[in-house]
Amino acid sequence: MPQKEAEDPSSLRISPPLSEDGAAVHDLIAACPPLDTNSLYMNLIQTTHFADTCALAREDGDVIGWVSGHIPPREPDVFFLWQVAVGEKARGKKIPKRLVADIFSREACRNVKYLKTTITPDNEASWGLFRSIARWLGAPLNESEFFDKERHFKGRHDSEILVTIGPFELPASL
Ligand SMILES: CC(C)(COP(=O)(O)OP(=O)(O)OC[C@H]1O[C@@H](n2cnc3c(N)ncnc32)[C@H](O)[C@@H]1OP(=O)(O)O)[C@@H](O)C(=O)NCCC(=O)NCCS
(Lines give C-alpha, C1' and ligand atoms only; values in the text may rest on other atoms or scores of the structure.)
Protein backbone atom coordinates (compact mmCIF):
# COMPACT_ATOMS: atom_id res chain seq x y z
CA MET A 1 0.00 0.00 0.00
CA PRO A 2 1.32 3.50 -0.76
CA GLN A 3 2.48 5.39 2.31
CA LYS A 4 0.64 8.55 3.30
CA GLU A 5 2.67 11.67 2.59
CA ALA A 6 3.71 13.88 5.49
CA GLU A 7 1.78 17.10 6.09
CA ASP A 8 3.34 20.01 4.20
CA PRO A 9 3.85 23.12 6.34
CA SER A 10 4.40 25.38 3.27
CA SER A 11 1.71 27.19 1.31
CA LEU A 12 1.68 24.43 -1.33
CA ARG A 13 -1.85 23.65 -2.50
CA ILE A 14 -2.85 20.80 -4.80
CA SER A 15 -6.17 20.70 -6.64
CA PRO A 16 -7.84 19.81 -9.93
CA PRO A 17 -7.22 22.57 -12.51
CA LEU A 18 -9.73 25.23 -13.52
CA SER A 19 -10.19 26.37 -17.12
CA GLU A 20 -8.52 29.67 -16.16
CA ASP A 21 -5.32 27.73 -15.33
CA GLY A 22 -4.74 26.56 -18.93
CA ALA A 23 -2.39 29.40 -19.85
CA ALA A 24 -0.27 28.99 -16.69
CA VAL A 25 0.00 25.25 -17.38
CA HIS A 26 1.11 26.02 -20.92
CA ASP A 27 3.82 28.38 -19.61
CA LEU A 28 5.03 25.86 -16.99
CA ILE A 29 5.42 23.12 -19.61
CA ALA A 30 7.30 25.52 -21.90
CA ALA A 31 9.70 26.21 -18.99
CA CYS A 32 10.32 22.48 -18.36
CA PRO A 33 12.35 20.96 -21.21
CA PRO A 34 12.49 18.31 -22.58
CA LEU A 35 8.68 18.29 -22.39
CA ASP A 36 6.91 18.86 -25.69
CA THR A 37 4.69 21.93 -25.66
CA ASN A 38 1.22 21.53 -27.08
CA SER A 39 -1.27 24.15 -28.18
CA LEU A 40 -2.77 26.36 -25.49
CA TYR A 41 -6.14 25.12 -26.72
CA MET A 42 -5.12 21.56 -25.83
CA ASN A 43 -4.12 22.64 -22.33
CA LEU A 44 -7.53 24.31 -22.01
CA ILE A 45 -9.21 21.04 -22.97
CA GLN A 46 -7.14 19.27 -20.30
CA THR A 47 -8.12 21.83 -17.66
CA THR A 48 -11.82 21.44 -18.55
CA HIS A 49 -12.74 18.01 -20.01
CA PHE A 50 -9.90 16.16 -18.25
CA ALA A 51 -9.76 18.16 -15.00
CA ASP A 52 -10.75 15.09 -12.93
CA THR A 53 -7.56 13.28 -13.96
CA CYS A 54 -5.19 16.27 -13.90
CA ALA A 55 -3.70 18.07 -10.89
CA LEU A 56 -2.09 21.42 -10.28
CA ALA A 57 0.29 22.54 -7.51
CA ARG A 58 0.26 26.18 -6.47
CA GLU A 59 2.65 27.93 -4.14
CA ASP A 60 1.93 31.52 -3.12
CA GLY A 61 -0.54 31.67 -6.00
CA ASP A 62 1.95 30.54 -8.68
CA VAL A 63 1.48 27.33 -10.66
CA ILE A 64 4.63 25.31 -9.90
CA GLY A 65 3.57 21.73 -10.62
CA TRP A 66 1.36 19.86 -13.06
CA VAL A 67 0.31 16.33 -13.88
CA SER A 68 -1.92 15.62 -16.87
CA GLY A 69 -3.50 12.27 -17.53
CA HIS A 70 -6.61 10.38 -18.48
CA ILE A 71 -8.31 7.00 -18.22
CA PRO A 72 -7.88 5.45 -21.70
CA PRO A 73 -11.36 4.64 -23.09
CA ARG A 74 -10.52 0.95 -23.54
CA GLU A 75 -8.56 0.56 -20.28
CA PRO A 76 -10.79 1.57 -17.35
CA ASP A 77 -8.30 0.27 -14.77
CA VAL A 78 -5.43 2.41 -16.11
CA PHE A 79 -4.41 5.96 -15.27
CA PHE A 80 -2.32 7.11 -18.23
CA LEU A 81 -0.02 9.89 -17.06
CA TRP A 82 0.76 12.11 -20.02
CA GLN A 83 3.01 14.85 -18.65
CA VAL A 84 4.50 15.80 -15.33
CA ALA A 85 6.25 19.12 -14.80
CA VAL A 86 7.67 20.83 -11.74
CA GLY A 87 9.23 24.29 -11.98
CA GLU A 88 13.00 24.20 -11.50
CA LYS A 89 12.98 25.96 -8.12
CA ALA A 90 10.34 23.60 -6.68
CA ARG A 91 12.04 20.31 -7.61
CA GLY A 92 13.24 17.70 -5.15
CA LYS A 93 10.24 18.08 -2.83
CA LYS A 94 8.23 15.02 -4.00
CA ILE A 95 5.57 17.25 -5.57
CA PRO A 96 4.92 14.81 -8.50
CA LYS A 97 3.97 12.02 -6.09
CA ARG A 98 1.61 14.33 -4.22
CA LEU A 99 -0.04 15.35 -7.49
CA VAL A 100 -0.55 11.69 -8.45
CA ALA A 101 -1.85 10.87 -4.95
CA ASP A 102 -4.38 13.68 -5.26
CA ILE A 103 -5.63 12.32 -8.61
CA PHE A 104 -5.80 8.78 -7.22
CA SER A 105 -7.95 10.00 -4.31
CA ARG A 106 -10.74 11.04 -6.69
CA GLU A 107 -13.87 9.17 -7.73
CA ALA A 108 -12.64 9.14 -11.37
CA CYS A 109 -9.84 6.74 -10.34
CA ARG A 110 -11.87 4.31 -8.23
CA ASN A 111 -11.13 1.40 -10.63
CA VAL A 112 -7.46 2.22 -11.29
CA LYS A 113 -4.96 -0.59 -10.72
CA TYR A 114 -2.19 0.44 -13.15
CA LEU A 115 -0.30 3.62 -13.92
CA LYS A 116 1.03 3.89 -17.45
CA THR A 117 3.27 6.55 -18.92
CA THR A 118 5.86 6.90 -21.66
CA ILE A 119 9.47 7.94 -21.22
CA THR A 120 12.21 8.68 -23.72
CA PRO A 121 15.35 6.56 -23.10
CA ASP A 122 17.54 9.53 -22.08
CA ASN A 123 15.16 11.33 -19.66
CA GLU A 124 16.95 10.38 -16.44
CA ALA A 125 14.78 12.58 -14.21
CA SER A 126 11.68 10.89 -15.53
CA TRP A 127 13.10 7.35 -15.07
CA GLY A 128 14.15 8.28 -11.54
CA LEU A 129 10.69 9.65 -10.80
CA PHE A 130 8.71 6.67 -12.11
CA ARG A 131 10.99 4.11 -10.42
CA SER A 132 10.35 6.05 -7.22
CA ILE A 133 6.58 6.03 -7.86
CA ALA A 134 6.69 2.24 -8.42
CA ARG A 135 8.44 1.81 -5.05
CA TRP A 136 5.87 4.10 -3.39
CA LEU A 137 3.00 2.07 -4.87
CA GLY A 138 4.76 -1.21 -4.00
CA ALA A 139 4.24 -2.46 -7.55
CA PRO A 140 6.45 -3.77 -10.37
CA LEU A 141 7.54 -1.53 -13.26
CA ASN A 142 7.58 -3.06 -16.75
CA GLU A 143 8.76 -1.58 -20.03
CA SER A 144 7.50 -2.24 -23.58
CA GLU A 145 7.51 -0.61 -27.00
CA PHE A 146 4.95 2.10 -27.69
CA PHE A 147 5.74 4.94 -30.09
CA ASP A 148 8.81 4.20 -32.19
CA LYS A 149 11.17 6.89 -33.48
CA GLU A 150 10.90 5.76 -37.12
CA ARG A 151 7.58 3.92 -37.34
CA HIS A 152 5.51 6.54 -35.49
CA PHE A 153 7.55 9.74 -35.26
CA LYS A 154 9.11 9.42 -38.75
CA GLY A 155 12.50 10.31 -37.27
CA ARG A 156 11.24 13.57 -35.74
CA HIS A 157 11.24 12.50 -32.06
CA ASP A 158 12.96 9.90 -29.88
CA SER A 159 11.11 6.64 -29.21
CA GLU A 160 8.70 6.73 -26.27
CA ILE A 161 8.90 3.59 -24.10
CA LEU A 162 5.68 2.47 -22.45
CA VAL A 163 6.14 2.08 -18.70
CA THR A 164 3.49 0.13 -16.79
CA ILE A 165 3.41 0.21 -13.00
CA GLY A 166 1.03 -2.20 -11.28
CA PRO A 167 -1.12 -3.84 -10.28
CA PHE A 168 -1.51 -1.85 -7.05
CA GLU A 169 -4.30 -1.10 -4.62
CA LEU A 170 -5.37 2.47 -4.04
CA PRO A 171 -4.95 3.26 -0.35
CA ALA A 172 -8.17 3.71 1.65
CA SER A 173 -6.75 6.88 3.23
CA LEU A 174 -6.45 8.76 -0.07
C1 LIG B 1 10.75 14.93 -13.76
C2 LIG B 1 10.41 16.00 -12.72
C3 LIG B 1 8.90 16.23 -12.74
C4 LIG B 1 10.85 15.49 -11.33
O5 LIG B 1 10.49 16.46 -10.36
P6 LIG B 1 11.08 16.45 -8.87
O7 LIG B 1 10.40 17.49 -8.10
O8 LIG B 1 12.56 16.52 -8.92
O9 LIG B 1 10.68 14.98 -8.40
P10 LIG B 1 10.84 14.34 -6.95
O11 LIG B 1 11.40 15.27 -5.95
O12 LIG B 1 9.50 13.77 -6.60
O13 LIG B 1 11.84 13.12 -7.19
C14 LIG B 1 11.32 11.86 -7.51
C15 LIG B 1 12.44 10.87 -7.74
O16 LIG B 1 13.06 11.16 -8.99
C17 LIG B 1 14.47 11.27 -8.79
N18 LIG B 1 14.99 12.30 -9.69
C19 LIG B 1 14.55 13.57 -9.80
N20 LIG B 1 15.32 14.23 -10.70
C21 LIG B 1 16.25 13.35 -11.14
C22 LIG B 1 17.32 13.42 -12.07
N23 LIG B 1 17.59 14.58 -12.72
N24 LIG B 1 18.04 12.31 -12.32
C25 LIG B 1 17.77 11.13 -11.68
N26 LIG B 1 16.77 11.00 -10.76
C27 LIG B 1 16.03 12.10 -10.51
C28 LIG B 1 14.63 11.68 -7.35
O29 LIG B 1 15.89 11.32 -6.85
C30 LIG B 1 13.52 10.93 -6.66
O31 LIG B 1 13.88 9.61 -6.37
P32 LIG B 1 13.77 9.02 -4.87
O33 LIG B 1 12.30 9.09 -4.51
O34 LIG B 1 14.28 7.62 -5.03
O35 LIG B 1 14.60 9.89 -4.01
C36 LIG B 1 11.15 17.33 -12.99
O37 LIG B 1 12.54 17.09 -13.05
C38 LIG B 1 10.71 18.01 -14.29
O39 LIG B 1 9.71 18.73 -14.32
N40 LIG B 1 11.49 17.77 -15.37
C41 LIG B 1 11.18 18.36 -16.67
C42 LIG B 1 9.95 17.74 -17.30
C43 LIG B 1 10.06 16.22 -17.50
O44 LIG B 1 11.06 15.70 -17.96
N45 LIG B 1 8.95 15.53 -17.14
C46 LIG B 1 8.90 14.05 -17.20
C47 LIG B 1 8.45 13.55 -18.51
S48 LIG B 1 6.69 13.63 -18.74
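Structure: see above.
Note that this is a predicted model, so its numbers are computed, not measured.

Caption draft 1: Highlighting the site of the ligand. Around the ligand, the surrounding shell holds 21 residues, and the nearest of these are Val84, Val86, Asn123, Ser132 and Arg135. Lys93 is positioned such that a nitrogen or oxygen atom in its backbone is 3.4 Å from an oxygen atom of the ligand. A distance of 2.5 Å separates an oxygen atom of the ligand from a polar side-chain atom of Arg135. Coverage of the ligand by the protein chains reaches 74% of its 930 Å² of free accessible surface. Among the elements of the structure, strand 4 (78-86) and helix 4 (124-137) are those that each provide at least two residues to the shell around the ligand.

Caption draft 2: Spatial organisation of the side chain of Arg106. With respect to the helices and strands, the residue Arg106 is situated in the loop between helix 3 (95-104) and strand 5 (114-119). Among residues more than four places away in sequence, those in contact with Arg106 are Ser15, Pro16, Ala51, Asp52, Thr53, Cys54 and Ala55.

Caption draft 3: Representation of the pairing of strand 4 within the structure. Burial of strand 4 is extensive: 8 of the 9 residues sit out of reach of the surface. Judged from the 6 bridges that link them, strand 3 (residues 62-70) and strand 4 form a sheet pairing that is antiparallel. Following the sheet pairing, Ser68 is matched in strand 4 by Gln83. Pairing analysis gives 4 bridges linking strand 4 to strand 5, with the strands arranged parallel. Bridging across to strand 5, Leu81 finds its partner in Thr117. Handedness of the strand 4-helix 3-strand 5 crossover: right-handed.

Caption draft 4: Representation of helix 2 (residues 40-48) within the structure. Looking only at helix 2, the buried set comprises Met42, Asn43, Gln46 and Thr47. Down the axis of helix 2, the buried side of the element spans an arc of 140°, and every buried residue falls inside it. Of the surrounding secondary structure, the elements contacted by the buried residues of helix 2 are helix 1 (22-30), strand 3 and strand 4.

The rules behind the values
Residues numbered from 1 in each chain as written. Predicted model: local features only at pLDDT ≥ 70, side-chain atom pairs only at ≥ 80, totals over all residues. Heavy atoms only, no water. Near = heavy atom within 4 Å. Polar contact = N/O pair within 3.5 Å; in protein donor to acceptor, adjacent residues only side chain to side chain. Areas by Shrake-Rupley, 256 points an atom, 1.4 Å probe, with all protein chains shown as cover. Helix = DSSP H or I, 4+ residues; strand = E, 2+ residues; numbered from the N terminus. Contact = heavy atoms within 4.5 Å. Buried < 20%, exposed > 50% of the residue type's maximum accessible area, 1.4 Å probe, protein only. Pairing = 2+ DSSP bridges. Right-handed = clockwise from strand over helix to strand, strands pointing away. Arc of directions from axis to C-beta.

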